[in-house]
Structure formats: structure tokens, C-alpha cells
Amino acid sequence: MTETTYTQTTPPGAAGRPRSPEFRLVADALRGLRQDLFRGAFAYRPLPRAAVDGPVGRHLRGRAAQYAAWAPHLTVAAAGGVAALVALGQNAAGPAALLCALLALVPVLLTLVRPVGAFWTSLVAATATAVIGTDWGSWPWAPSSFVAHLLVLTVVAIRTRPRTAAWMWVLTGLHGLWAEAFFGWGGDGTDVAPMLIVSALVLLAVTVRHTRREARQEVTAQQTVTEHERSRRTLLEERTTIARELHDVVAHHMSVVAIQAEAAPYRVQDPPPELEKAFATIRENAVAALTELRRVLGVVRAEDYEAPDAPQPTLADLEGLLANVREAGLEVDKAVTGAVRELPPGVELSAYRIVQEALSNALRHAPGAAARVEVAYVLGGLGLRVVNGAPPAPHLTKPSPGAGHGITGMRERVSMLDGEMTAGPTDGGGYEVAVFLPVAAVSEGGA
């Protein structure tokens, strides 16, 4: 006997029917209204101070720059003072005029600390001003309430988001129609339409400002991500290039080890079996290492990569490099200090590539300038210094799309060899690259 369990899900809707798109749209809209204008309406949200390096603060110094940080607060307070003056001018002198001025000022100042609550306070203050005021030329907004409510809508819209601004405009219209319909008995005219038109224009301008700022932030974030990915890709490309170049050097040495291990037993008469076995093991390990090296190179090799026909360059080939650079229009001198000696192939190749890239950068960024290459053979390694002067016509220098990749490649080569590198502009407007590549000392007996 088989027991079957049935799972019944609760159907959407009260009667089990799916909700219509219109119903979901209205439900989402009301949920947004509750979230924007009802939930935490009087929550404490002080207006932050302006940045010191903002549009105003960056042009000021000392205490003036500190005071400029309060510029938004002073602006709102001054606008509220204007609304209060309008109330004093439109109403007959007396306690009613002072109360109307206070009802115009308080909602505007409240936007500095409780923006959403200031909107509700402004609606209540507008109704109270219309009731106790002596100027009944318009309804439901007296002139001071009209100015104060526009200021509140503007500040709250700036401090919140476009959806909140849309809800405030709708509720402002509903409040005006309600007040006109039920309490418009004492007014000679209605200003609901002017309020809706002017507030719509103001809120539209604020919404456009919000949209532009968000778009600018998204573009900035995207540019940051793109720049990070570009730098990461450049770093991987440089490491791949270094791996390809060093493959030839390492493969040559491993081939020499394999050949010498194979030929060594024939140089000795009647070598013992243990020696023959040891050389055979050395040769097998060298051949296995070559096989693995080729396999690793195949992983990092690009599809369009072609192996070089000539051996990888060394410091002995610097004269040919300098000759090519001189033909390209760069005046360059070379100075060698210390006892010239043969260095490990990896150091020779990296030193050549560093000088090559530094001179290429000088050609791109300082055309017509003079350059100098200094090579110093010291006891602990090799020192390189490539410096170029300022370009004769800096305004004619065009930006290079590959700027920055050469420095990345140099640093990767120096880091691979546990060296040190500094690169930066000189006092005269040129550029200097200084590198030290350590080389382990080899005893004469080992040499």
C-alpha cells in the first residue's frame, strides 16, 4: 500500500484568484507612500554640513572655510526668514501677524532636522494661517504659507528621493482641493492651481538634479571598476610577457644540463655504474623539467604569439637599442661604471627590457628631449638609471593610450628579482627611473 502526500499551497488573494497587475501596482504605490511619508515621519535626520572641499569651501581658507560648511543651514534659515517677513507684511500688526510669521518660519527650519515631519507640519501650518490670518485674498495658502510650503517641498525633495517628491506633490494637491471644498468660504480666490504648477516645476528641477547626480555617481563607480580591471589585466599581460621571455633563458640552461649529463660519462674511462646512473637521473629530470616548462608556457601563450627567432637580448645589446632610439629622434647618452661582468641571464634580460621601456616612455611623453642611461656594476648587483629632460614643447605632447603600462612592467620585473625601483618626475620637468637588481656574489672557485 502506497501513501501519497499532497501539498496544497495557499492561493493568492482572498478568494484564491491571482492579483491583477493593477492591484499590485496600487499596493506597491501605497506601500511606498507609507514608507516615505508615514513611517518614521518625525525621525531625527539632521542636515549634514557641506564638505570643506566643496564648490564654496575650496575657494576659502581658515575660519572662512569652516563657516562655509554651514552655508546650507544658513540658506534655509534665511529663506524661512523671508517667509516670516511675508507673513508680517500681509497681516495686520498684532498677535495674529506674529503667529502667522511663526507658522511660516517653523516648518522651514524643521526641514533641517526632521524633513518629512516638516512637510506635514507645513500642511497644518498653512491651514492654521488661513484661519487666523487677516489676509484672505487667497485660499487655502496665504502668501506666507505659499512661500513657506514651496521652500519645504524644495528642501525635503533635495534631502529625500524623487518618489517622495512625487507623493508630496500629490498630497499637496489633495490638501488644496480638500481645503477649497470644505473651508473655502472666506476666500476670494483659490491658489491651488498656482501651487501645483509652481511646485511641479520646482520638484521637476530637483528630480533632474537627483537623476544627474545618481548618473554621475554610477559613471564614477563604473570608471573605478573599469580602471581596476584594466590595471589587473595589464598586470597579467606583463607577467605573461615576462614568463614568455624567461622561458627561452630557462629552457636553454635546462638543455645544457641535459646535454652535459648525457656526455659526462663518456669523458671518464670506465666510470662506475653509480656515476652513470646518477648522470642518467640528472638527464631524465632535466628533460622532464623541459617538458613541464613547455606545458606551462602553453597555458600563458596567446593565440597569436610567435616564438622569437633570435635569443633574448642582454646588456651587451644595449648599443643596438640606443642606436635605434637615436634614429627615432631621441638624443641619448650612455655611461657604464664598475667592472663589467657577466650576470645571470634573467638579470641581463630584465635590465635590457627596463632600459628599453624607459626610453620608449621618453619618446612618447618627452619628444625632442635628451636622455641618459647609466649602468653601474656594483658588488651586490646591478644599478640602472634612465633619466630624460623636459620636452621642448610640452603643449604639443599628445597623451599616449598606453601610458602607465611600461611602469607596471618594470615593477613586475624588479619585483621578480627582489630588487628596488623608484620612478617619478624630476625637478627640471623630466622623468627618472632608478633600479637596483641584486645579484648573489659568486666565488672564483665556483666561477
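These numbers were taken from a predicted model, which means no experiment stands behind them.

### As for the pattern of salt bridges
- Counting across every chain of the model gives nine salt bridges.
- Note that Asp36 and Arg161 form a salt bridge whose closest N and O atoms lie 2.9 Å from each other. With Asp36 in helix H1 (residues 21–38) and Arg161 in the loop between helix H6 (143–159) and helix H7 (162–183), the pair connects residues that are 125 residues apart, well separated along the chain.
- Residue classification places Asp36 among the buried positions, given a relative accessible area of 8%.
- Glu357 is the partner of Arg364 in a salt bridge, and the nearest nitrogen-oxygen pair spans 3.4 Å.

### A short note on the environment of Ala78
- Mapping Ala78 onto the fold places it in helix H3 (residues 71–90).
- Spatially, the C-alpha atom of Ala78 lies 9.7 Å from that of Leu105, the residues being 27 residues apart in sequence.

### Here's the deal with the sheet that holds strand S4 (residues 420–425)
- One open sheet accounts for five strands, arranged S1-S2-S3-S5-S4; its pairing is mixed. Strands at the two margins of the open sheet, each flanked by one partner only, are strand S1 (331–337) and S4. Taking each pair of neighbouring strands and ignoring which way they run, the sheet shows an average axis angle of 10°.
- Note that strand S2 (residues 370–378) and strand S3 (residues 381–388) share eight bridges and pair antiparallel. Residue Ala376 lies in a different strand from S3, and its bridge partner there is Gly383.
- The strands touched by helix H10 (residues 318–327) within the sheet are S1 and S2, with S1 carrying the most contacts at an inclination of about 160°.
- Along the sheet, helix H11 (residues 345–365) contacts S1, S2, S3 and strand S5 (431–438); its crossing angle with S3, the most-contacted strand, is approximately 10°.

### Some points on the packing of helix H4 (residues 95–110) against helix H5 (residues 115–132)
- Interaxial distance between H4 and H5 falls to 8 Å at its minimum, and their mutual angle equals 165°. Relative to H5, H4 is oriented roughly antiparallel. The two elements H4 and H5 cross, and the hand of that crossing is left-handed. Taken together, the residues of H5 that come into contact with H4 (itself represented by Ala96, Leu99, Cys100, Leu103, Pro107 and Leu110) are Pro115, Gly117, Ala118, Thr121, Ser122, Ala125, Ala128, Thr129 and Ile132.

### Some points on unusual backbone geometry
- Despite not being glycine, Asp418 shows a phi value in the positive range, around 60°.
- For Asp418, the position within the fold is in the loop between helix H12 (405–416) and S4.
- Overall, the relative accessible area of 65% leaves Asp418 in the exposed class.

### Details of the environment of Glu237
- Along the polypeptide, Glu237 turns up in helix H8 (residues 192–263).
- When the C-alpha atoms of Glu237 and Gly409 are compared, they prove to be 8.8 Å apart, with 172 residues separating the residues in sequence.

### Let's talk about the pairing of S2
- Of the two faces of S2, the one holding Ala371, Val373, Val375 and Tyr377 is buried and the one holding Ala370, Arg372, Glu374, Ala376 and Val378 is not buried anywhere.
- One ladder, built from seven bridges, connects S1 with S2; its direction is parallel. Residue Val332 lies in a different strand from S2, and its bridge partner there is Ala371.
- In this region the chain leaves S1, passes through H11 and returns to the parallel neighbour S2; the handedness of that crossover is left-handed.

### Concerning the layout of surface pockets
- By volume, the largest pocket is sized at about 440 Å³.
- Around the largest pocket, the lining is made up of 15 residues, and of these Leu47, Pro72, Ile158, Arg159 and Arg209 lie nearest the centre.
- Elements supplying a minimum of two residues to the lining of the largest pocket: H3, H6 and H8.
- Sorting elements by how many residues they give to the lining of the largest pocket places H6 first, with five residues.
- Considered class by class, the residues forming the lining of the largest pocket number nine nonpolar, two polar and four charged.

### Comments concerning the confidence of the model for the protein
- With 82% of its residues at a pLDDT of 70 or more, the protein has an overall mean of 81.
- For the stretch residues 399–404, pLDDT sits under 50, and the model shows three contacts to residues farther than four places along the chain or on other chains.

Calculation criteria
- Each chain has its residues counted from 1, running along the sequence as written.
- The predicted nature of this model means local features are confined to residues of pLDDT at least 70 and side-chain atom pairs, given and counted, to a pLDDT of 80 or more, with totals for whole chains, interfaces and linings taken over all residues.
- By convention in this description, side-chain values take in all heavy atoms of the structure and omit both hydrogens and water.
- The term salt bridge refers to a pairing of a side-chain nitrogen on Lys or Arg with a carboxyl oxygen on Asp or Glu at a separation within 4 Å.
- Helix numbering and strand numbering both begin at the N terminus, where a helix is a DSSP run of H or I of at least 4 residues and a strand a DSSP run of E of at least 2.
- Burial here depends on accessible area, computed with a 1.4 Å probe over protein chains only, as a share of the maximum for the residue type. Under 20% is buried, over 50% is exposed, and the range in between is partly exposed.
- Each pair of strands is called paired provided DSSP finds at least two bridges between the two strands.
- The axes used here are C-alpha line fits, helices contributing only the stretch in contact, and every angle between their N-to-C directions lies in the interval 0 to 180 degrees.
- Pairs of residues are marked as contacts when any of their non-hydrogen atoms sit within 4.5 Å.
- What sets the label is the angle itself: under 35 degrees gives roughly parallel, over 145 gives roughly antiparallel, 65 to 115 gives roughly perpendicular, and the rest give oblique.
- Handedness of each helix crossing follows the sense of rotation of the near helix against the far helix: counterclockwise by less than a right angle gives left-handed, clockwise gives right-handed.
- Convention used here: a crossover is right-handed provided that the path from the first strand, over the helix, to the second strand proceeds clockwise when the strands point away from the viewer.
- Buriedness for pockets is judged along seven lines, at least five of which must meet protein on both sides within 12 Å for an open set on the 1 Å grid over protein atoms alone, while cavities are sets there where a 1.4 Å probe fits but cannot get out, and lining residues have an atom within 4 Å of a point.
- Grid points are joined across faces, edges and corners, and a volume is the space filled by probe spheres set on the points.
- Charged residues are taken to be Asp, Glu, Lys and Arg, nonpolar residues to be Ala, Val, Leu, Ile, Met, Phe, Trp, Tyr, Cys and Pro, and polar residues to be all remaining types, Gly included.
- You can read pLDDT as the predictor saying how much it trusts each residue, on a scale of 0 to 100.

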